[in-house]
Amino acid sequence: MITGELRSKIDSVWNAFWAGGIANPLEVIEQITYLLFMRGLDDIQTLEERKATRFDKPVERVIFPDGNDPRDRPYSDLRWSRFKDKAPAEMFEIVSEHVFPFLRELAGNDTAHAEHMKGARFTIPTPALLAKVVDLLSEIPMEDRDTKGDLYEYMLAKIASAGQNGQFRTPRHIIQLMVELTRPTPKDTICDPAAGTAGFLVAAGEYLREKNPELFRDEDLRKHFHEGMFHGYDFDATMLRIGSMNMQLHGIEGGDIRYKDSLAEDHAGDTDAYSLILANPPFAGSLDYETTAKDLLKIVKTKKTELLFMALFLKLLKPGGRAAVIVPDGVLFGSSKAHKELRRMLVEDHKLDGIIKLPSGVFKPYAGVSTAIVLFTKTNSGGTHHVWFYDVQADGLSLDDKRQFLLDAEKLGPVPEVALSAEEHTKNNLPDLLARWWEKDGAELKRARTQQSFCVPKADIAAAGYDLSINRYKEVVHETVDHRPPQEIIAELKLLEAEITAGLDELEAML
């Protein structure tokens, strides 16, 4: 977690952009991403040069070649370590007229990350602002992977406005919860078809580093982690750059972050490809049939994006693959033919494992929509015996627009550092939720439907038209309250009235 002096330095970078006239958070993140990418390229070249010197061999990977660029400036001037000490005006000229064209030319030469730089735009308006930001970024330590990752996460948290098409950032503790619920393994192939900042993929990678550190000692698993495990789609070029940088800074070298309109393009190459899907896709209303991928319409004929995304998840998962995805409440109880058919498929054709109702303030201040996490396993042969429900009433933060922490940092999230008391549970339900999830086929089967979590047999769900709203099954207990007899209350009121009248008479006599 970013704290203290480092946090102040990052805030200074942010404030410098605001004071310099760039107020759009996404634009600030994008410009910082370019600058960090420049610094990272120089670091790679420096590392390669040291390695070549140590083993007395030629440099294996040359990013900045000898000679001049097409605009007749030495490539060596384009290195972060060289231009950071130049006068502001010269630095501005180097970055705007040489470094950015160089970044765009890198596209296709190396990694998917470099590919996303082909549309790089330099929008820092003045030499003074560029020099200030370069100075501030130079002071931030970038050698440690955890620090780099936390630093970028902290900056991403500053994206405080909802994007277009219903995009908004998933809170990190909800992402962590979904990762803990699905327990990624070193052999998983993980996909987020609406990747955005790649928050789910990064969190899955961090989980694997913590729980399975031995995977990096196995050549095949290590290669799979860096080159085959993580896949993310998005059709927003800015998000592709940010997501790709987020992966890089968290130590995932060859993550497959690529341009794809998930609902409009067919998925021939990705069908049955992934063993785990983690996603919170944007729900932007309806599409036209003409622009919707035909292979999704074969699963469920609808124009609604939330249902099309559910069809997409089923399409992409391999048999046995599992998913934890966020959906708007309407998916759980919508009455259209497509809604009912999709829910029937989840229950009858696959294994619907659980429904977690989230409080409606969990995405504030971006949106106040009611949402739920749906957990299921693709089987193509059924397997649902009962469905586990949990009604989250508190996630550790206030549910208003301020989203203030209700507990100390070590008591937040699904896996707090210390156990919570009963009172603290009322402020953060996530640890209890996680513990009960792993008991869903045991002790949870006996819980009454008046409790915060309980299981419902498949037959009951089928009888309810495959309605998956928790309120359909939750039983409310009405407490009996005994009131005093009316005659007793009236007598008491008369006595009080007599006392008031006597007091007024006494006061009147004193005048």
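Residues numbered from 1 in each chain as written. Predicted model: local features only at pLDDT ≥ 70, side-chain atom pairs only at ≥ 80, totals over all residues. Heavy atoms only, no water.

## Concerning the overall build of the protein
- Helix and strand counts for the protein come out as 20 helices and nine strands.
- With the C-alpha coordinates of the protein rotated into their principal frame, the extents come out at 100 × 80 × 45 Å.
- Expressed as a percentage of the 511 residues in the protein, the buried residues total 50%.
- A total of about 24300 Å² of accessible surface is found on the protein, and carbon and sulfur atoms cover 51% of it.
- Put simply, the protein has 63 plus and 81 minus side-chain charges, and the middle of one group is 5 Å from the middle of the other. (Helix = DSSP H or I, 4+ residues; strand = E, 2+ residues; numbered from the N terminus. Buried < 20%, exposed > 50% of the residue type's maximum accessible area, 1.4 Å probe, protein only. Areas by Shrake-Rupley, 256 points an atom, 1.4 Å probe, with all protein chains shown as cover. Lys, Arg positive; Asp, Glu negative; His and termini not counted. Charge placed at Lys NZ, Arg CZ, Asp CG, Glu CD.)

## Thoughts on the sheet that holds strand β4 (residues 274-279)
- With mixed pairing, nine strands are arranged side by side in an open sheet as β3-β2-β1-β4-β5-β7-β6-β8-β9. The sheet is open, and its two borders are formed by β3 (256-259) and β9 (453-457), each paired with just one other strand. Each neighbouring strand pair of the sheet contributes to a mean axis angle of 15°, computed without reference to strand direction.
- Sheet topology note: the strand β5 (residues 317-328)/strand β7 (residues 371-377) ladder contains seven bridges and is antiparallel. Counted as the bridge partner of Ala324 is Leu375 from β7.
- Along the sheet, helix α11 (residues 237-249) contacts β2 (230-234) and β3; its crossing angle with β3, the most-contacted strand, is approximately 175°.
- With respect to the sheet, helix α13 (residues 305-316) is in contact with β1 (190-192), β2, β4, β5 and β7, its orientation differing from that of β5 by roughly 160°. (Pairing = 2+ DSSP bridges. Axes fitted to C-alpha atoms, helices over the stretch in contact; angles between N-to-C directions. Contact = heavy atoms within 4.5 Å.)

## Let's talk about the side chain of Thr302
- Secondary-structure assignment places Thr302 in the loop between α12 (294-297) and α13.
- Side-chain polar atoms of Thr302 contact the backbone nitrogen of Lys304, separated by 3.1 Å.
- Sequence-distant contacts of Thr302, defined by excluding residues within four places in its chain, comprise Tyr289, Leu297, Leu307, Leu308 and Ala338. (Polar contact = N/O pair within 3.5 Å; in protein donor to acceptor, adjacent residues only side chain to side chain.)

## Considerations on the packing of aromatic side chains
- Scanning the entire structure with this criterion turns up 14 aromatic pairs.
- Measuring from centroid to centroid gives 5.0 Å for Phe216 and Phe225, while their planes differ by 75°, and the two rings are edge-to-face.
- Of the residues examined, Phe216 reaches a relative accessible area of 25% and is grouped as partly exposed.
- Classification of Phe225 by relative accessible area gives buried; the value is 1%. (Phe/Tyr/Trp six-rings, centres within 6.5 Å; stacked < 30°, edge-to-face > 60°.)

## Concerning the packing of helix α8 (residues 172-182) against helix α17 (residues 430-437)
- At a minimum axis separation of 10 Å, α8 and α17 run at an interaxial angle of 15°. Overall, the two elements α8 and α17 adopt an arrangement that is roughly parallel. The two elements α8 and α17 cross, and the hand of that crossing is right-handed. Across the interface between the two elements, His173, Leu177, Glu180 and Leu181 of α8 pack against Leu430, Leu433, Leu434 and Trp437 of α17. (Parallel < 35°, antiparallel > 145°, perpendicular 65-115°, else oblique. Left-handed = near helix turned anticlockwise from the far one by under 90°.)

## Let's talk about the side chain of Glu424
- You can see Glu424 is positioned in helix α16 (residues 422-425).
- Since its relative accessible area comes to 15%, Glu424 is described here as buried.
- Here the side chain of Glu424 touches Ser421 through a polar contact of 2.8 Å, landing on its backbone nitrogen.

## What about the pairing of strand β6 (residues 351-357)?
- Within β6, five of the seven residues are buried, which leaves it mostly tucked inside the rest of the structure.
- Of the pairings in the sheet, the one linking β6 to β7 comprises six bridges and is antiparallel in character. Each residue of the ladder has a partner; that of Lys357, found in β7, is Ala372.
- Bridge analysis of β6 against strand β8 (residues 386-391) gives four bridges, and the strand direction is parallel. Paired with Ile356 across the strands is Tyr390, a residue of β8.

## Quick word on the pairing of β7
- Across the seven residues of β7, seven count as buried, placing the element largely inside the fold.
- Residues Thr371, Ile373, Leu375 and Thr377 point to one face of β7 and Ala372, Val374 and Phe376 to the other, with burial holding for every one of them.

## As for unusual backbone geometry
- Positive phi outside glycine occurs at Asp72, with the angle close to 65°.
- Along the polypeptide, Asp72 turns up in the loop between α2 (25-55) and α3 (80-83).
- By relative accessible area, Asp72 is classed as exposed at 59%.

## Things to note about helix α20 (residues 486-509)
- With 24 residues, α20 extends 35 Å between its outermost C-alpha atoms, agreeing within 8% with the 34 Å of an ideal straight helix rising 1.5 Å per residue.
- Within α20, only zero of the 24 residues are buried, which leaves it mostly out in the open. (Expected span 1.5 Å × (residues − 1).)

## A closer look at the domain arrangement of the protein
- Taken domain by domain, the protein holds domain 1 (4-150) and domain 2 (166-472).
- If you look at the interface, domain 1 gives 19 residues, while domain 2 gives 17 residues.
- Carbon and sulfur atoms supply 61% of the area that domain 1 and domain 2 bury against each other, a total of about 1500 Å² over both sides.
- Between the two partners, domain 1 and domain 2, sit one salt bridge.
- For Arg241, the salt bridge is made with Glu30, and the minimal N-O distance between the two is 2.7 Å.
- The interface formed by domain 1 and domain 2 holds three residue pairs in polar contact (both at pLDDT 80 or more) in total. (Domains from an automatic or database assignment. Buried area = accessible area lost by both parts, 1.4 Å probe. Salt bridge = Lys/Arg side-chain N within 4 Å of Asp/Glu carboxyl O.)

## Observations concerning α17
- Buried within α17 are the following residues: Leu430, Pro431, Leu433, Leu434 and Trp437. Relative to the axis of α17, the buried residues are bounded by an arc of 160° and lie together on one face.
- The inward-facing, buried residues of α17 contact α8, β6, β7 and β8. (Arc of directions from axis to C-beta.)

## Focus: the pattern of salt bridges
- Summed over all chains, the structure comprises 31 salt bridges.
- One salt bridge connects Arg73 with Glu93, and the closest N-O pair in it is separated by 3.1 Å. Remark: Glu93 occurs in helix α4 (residues 88-106) and Arg73 occurs in the loop between α2 and α3; sequence separation between them is 20 residues.
- Taking the relative accessible area as the measure of exposure, Arg73 reaches 13% and is therefore buried.
- For Glu93, a relative accessible area of 25% gives the class partly exposed.
- Measuring nitrogen to oxygen at the nearest pair gives 3.3 Å for the salt bridge that ties Lys458 to Glu348. One end of the pair, Lys458, is in helix α18 (residues 458-463); the other, Glu348, is in helix α15 (residues 337-349), with 110 residues separating them in the sequence.
- Each of Arg73, Asp77, Glu90 and Glu93 takes part in one network of salt bridges that share partners.

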